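Given next are the chains, with one letter for each unit.
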Amino acid sequence: GPWIFGAFRVLAKLKFLRGTAWDFMGRSVERKMERQLIGDYEVKIEEILTTLNTNNYAVAVEIACLPEFIRGYGHVKDNNVAVVARRDEELRRKYAGGEAQVVKIQEAADVLH
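Right, let's walk through the structure included here. (Residues numbered from 1 in each chain as written. Predicted model: local features only at pLDDT ≥ 70, side-chain atom pairs only at ≥ 80, totals over all residues. Heavy atoms only, no water.)

## Topic: the overall build of the protein chain
Along the backbone of the protein chain there are five helices and zero strands. Beginning at the N terminus, the succession of helices and strands in the protein chain can be written as α-α-α-α-α. Taking as baseline every contact in the protein chain between residues at least 6 positions apart, the subset at least 24 positions apart corresponds to 58%. Split by element, the accessible area of the protein chain, about 8,500 Å² in all, is 61% carbon and sulfur. (Helix = DSSP H or I, 4+ residues; strand = E, 2+ residues; numbered from the N terminus. Contact = heavy atoms within 4.5 Å. Areas by Shrake-Rupley, 256 points an atom, 1.4 Å probe, with all protein chains shown as cover.)

Rendered as structure tokens:
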């Protein structure tokens, strides 16, 4: 009902608590996983940038775009994280080997499901 708008106004005023010890929503397993994924992504991109060249550029772009496919909540997000992790492993092997052929993640997701 209309009461939810009042609740949203209260939550909006508590926005300054995000990321602090008082952020009770930030302690959930899903939020912790999201923060871990961000940290892992930053490390991965730093590693890629040290070895980037014209032969592996297309694969590097595909790796960099993988987080776009992590969507949803709960089990939906968990499934997407698993699909992206498998695809990331494949692409990193190709990147290390210098292979230029890339299979788009949607094609890989269709095969995995």
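Read on for the rest.
## Concerning the nonpolar core
Formed by I48, V59, A60, I63, L66, V84, L91 and Y95, the largest nonpolar core amounts to eight residues. Of all the secondary structure elements, the ones that give two or more residues to this core are α3 (57-65) and α4 (75-97). (Core = buried A, V, L, I, M, F, W, Y, C linked by side-chain atoms within 4.5 Å. Buried < 20%, exposed > 50% of the residue type's maximum accessible area, 1.4 Å probe, protein only.)

## Describing the packing of helix α2 (residues 29-51) against α4
Helices that pack against each other are described as a pair by the angle of their axes relative to one another and the distance between those axes. One can describe the packing of α2 onto α4 by two numbers: an axis separation of 13 Å at closest approach and a directional angle of 15 degrees. When the interaxial angle is binned, α2 and α4 end up roughly parallel. With respect to the hand of their crossing, α2 and α4 are arranged in left-handed fashion. Contact with α2, carried on its side by E30, M33, E34, L37, K44, E47, I48 and T51, involves K77, D78, V81, D88, R92 and Y95 of α4 and no other residues of that element. Partitioned by chemical class, the residues of the contact of α2 with α4 number five nonpolar, one polar and eight charged. (Axes fitted to C-alpha atoms, helices over the stretch in contact; angles between N-to-C directions. Parallel < 35°, antiparallel > 145°, perpendicular 65-115°, else oblique. Left-handed = near helix turned anticlockwise from the far one by under 90°. Nonpolar A, V, L, I, M, F, W, Y, C, P; charged D, E, K, R; others polar.)

## Some words on the packing of α2 against α3
Viewed as axis vectors pointing N to C, α2 and α3 meet at an angle of 170 degrees, and their least axial separation amounts to 11 Å. The angle between the axes of α2 and α3 places the two elements in the roughly antiparallel class. Between α2 and α3, the contacting residues are Y41, K44, I45 and I48 on the first element and A60, I63 and A64 on the second. By residue class, the composition of the contact of α2 with α3 is six nonpolar, no polar and one charged.

## Section: the environment of E89
Examined against the element boundaries, E89 turns out to sit in helix α4. Through-space distance from the C-alpha of E89 to that of I63 is 9.5 Å; in sequence the pair is 26 residues apart.

## What to know about a nonpolar patch on the surface
Taken together, the side chains of F5, F8, V10, L11, L14 and F16 present a nonpolar region at the surface, about 650 Å² in accessible area. One can find F16 in the loop between α1 (3-13) and α2. (Patch = residues over 30% accessible without salt bridge, like charges linked within 9 Å, V, L, I, M, F, W, Y side chains within 5 Å. Salt bridge = Lys/Arg side-chain N within 4 Å of Asp/Glu carboxyl O.)

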